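Examination of the molecular architecture
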Amino acid sequence: MDPMNFRNISTGIGAIKIIAYSEWVAFKRNKGLLLSMGMGPVLSYGLLVLALSTSLKTVNLEGVAILYKQYALTGVLTFFVTRQMSQAMYRATIDKEYGLLALKFLNGIQPWYYLIGMSCFPIVGLLFQCSILFILGMMSGGIYNIGFFLLSIIVVIISLGFWSALGILLSTKISTYEKRDIVMTLIFSPVSYAAPTLYVFSDKLPLFVKCLIMINPLTYQLKAIRTVAFGFFEPLPILVDLLLTLGMMYLAQRILRKVSLQLSIR
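Presented here is an overview of the structure given in this document.

How each quantity is defined
- Residues numbered from 1 in each chain as written.
- Predicted model: local features only at pLDDT ≥ 70, side-chain atom pairs only at ≥ 80, totals over all residues.
- Heavy atoms only, no water.
- Patch = residues over 30% accessible without salt bridge, like charges linked within 9 Å, V, L, I, M, F, W, Y side chains within 5 Å.
- Areas by Shrake-Rupley, 256 points an atom, 1.4 Å probe, with all protein chains shown as cover.
- Salt bridge = Lys/Arg side-chain N within 4 Å of Asp/Glu carboxyl O.
- Helix = DSSP H or I, 4+ residues; strand = E, 2+ residues; numbered from the N terminus.
- Buried < 20%, exposed > 50% of the residue type's maximum accessible area, 1.4 Å probe, protein only.
- Contact = heavy atoms within 4.5 Å.
- Pairing = 2+ DSSP bridges.
- Disulfide = S-S within 2.5 Å.
- Phe/Tyr/Trp six-rings, centres within 6.5 Å; stacked < 30°, edge-to-face > 60°.
- Lys NZ or Arg CZ within 6 Å of the ring centre and 35° of its normal.

What follows deals with a nonpolar patch on the surface. Judged by side-chain polarity, Leu 35, Met 39, Val 42, Leu 43 and Leu 47 come together as a nonpolar surface patch covering roughly 460 Å² of accessible area. Residue placement: Leu 43 occurs in helix α2 (residues 31-52).

Below, the structure written as structure tokens:
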């Protein structure tokens with residue numbers, strides 16, 4: 001099938017609603033996934049962070065002393081962002097394998113709208129995990145400021161757009177679920193722990209760790225999240241975060257326009 005066929009057909013911005021609704025229905029039907037997602041905040045914050053906070057009391061961020069559990073809670077938010085990438089990749093892989101991607105494009109759903117609509121599934125999952133983390137944070141004193149925390153969720157969603165688009169992009173190159181799992185393992189662990197999520201950047205870190213931190217997009221997204229979560233509101237980190245997301249979405253839609261489409265199950 002010629003991928004050029006769908007370029008001159010468009011259902012308009014309404015396509016976002018169509019895709020988002022189908023993703024919302026898919027999310028509601030996946031009850032087992034809710035349990036898995038619910039365990040994420042409990043394990044990463046409820047066990048790991050709170051255990052570390054017994055020996056690590058405060059950290060210095062932008063010259064302000066902040067409780068370690070408040071600092072690390074924002075790092076846990078980025079764990080959710082990278083893990084939700086697997087959901088975007090999974091849903092896009094299903095579309096490709098069962099010919100749904102071709103049907104959607106042939107019916108006028110443009111790549112940009114497809115990317116935005118497909119973000120519904122990971123966004124809902126992210127908000128579900130954030131709500132559990134918020135409850136745990138309120139119970140343990142891990143929320144620095146309620147208003148700032150809620151505002152930072154907006155930045156978290158912007159960051160999620162980067163990883164969702166990357167997941168969908170990778171799905172165009174992945175033919176099996178086994179390969180998807182391998183890719184997620186290779187991406188999640190290095191990216192999540194090679195950013196200052198649970199530790200503070202320091203000049204004493206080994207050079208190779210500093211290099212990994214500097215080239216890691218999550219580092220800049222985390223800085224944007226923290227500048228809001230702790231009330232600094234520096235515009236540059238937020239702008240960098242937004243540009244990273246728009247750049248990845250632009251790249252992903254370019255790839256989607258050229259991807260080989262098939263109507264039959266592979």
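Having seen the structure, we can now continue with the description.
What follows concerns helix α5 (residues 111-118). Those residues of α5 that fall on the buried side of the exposure criterion are Pro 111, Tyr 114, Leu 115, Gly 117 and Met 118. For α5, the elements touching its buried residues are α1 (14-29), α3 (68-97), α4 (100-106), α6 (120-140), α7 (146-171) and α11 (235-258).

Attention shifts here to the pairing of strand β1 (residues 58-61). If a strand is regular, its side chains alternate between the two faces of the sheet. Here β1 shows a buried face lined by Val 59 and Leu 61 and an unburied face lined by Thr 58 and Asn 60. Here four bridges tie β1 to strand β2 (residues 64-67), and the two strands are oriented antiparallel to one another. Within the sheet, the bridge partner assigned to Thr 58 lies in β2 and is Leu 67. Hairpin connection of β1 to β2: two residues between the antiparallel strands, including Glu 62 at a positive phi of 55°.

Moving on to the state of the cysteines. Taken as a whole, this structure holds zero disulfides when the rule is applied. Note on Cys 130: no disulfide assigned, nearest cysteine sulfur contributed by Cys 120 at a separation of 15 Å.

Let's shift gears to the packing of aromatic side chains. Applying the stated criterion to the full structure yields eight aromatic pairs. Aromatic side chains Phe 148 and Phe 233 sit 5.3 Å apart centroid to centroid with 80° between the ring planes, which places their arrangement in the edge-to-face category. Residue Phe 148 is located in helix α7, and its partner Phe 233 is located in the loop between α10 (217-229) and α11; the two are separated by 85 residues in the primary sequence. The class of Phe 233 is partly exposed, set by a relative accessible area of 39%. With centroids separated by 4.9 Å and ring planes inclined at 75°, the aromatic side chains of Phe 162 and Trp 163 adopt a geometry described as edge-to-face. Judged on exposure class, the residue Phe 162 and its partner Trp 163 are both buried. By way of ring pairs, the aromatic residues Trp 24, Phe 27 and Phe 121 are connected into one cluster. Above the ring of Tyr 71, the side-chain terminus of Arg 226 is found at 3.6 Å from the ring centroid.

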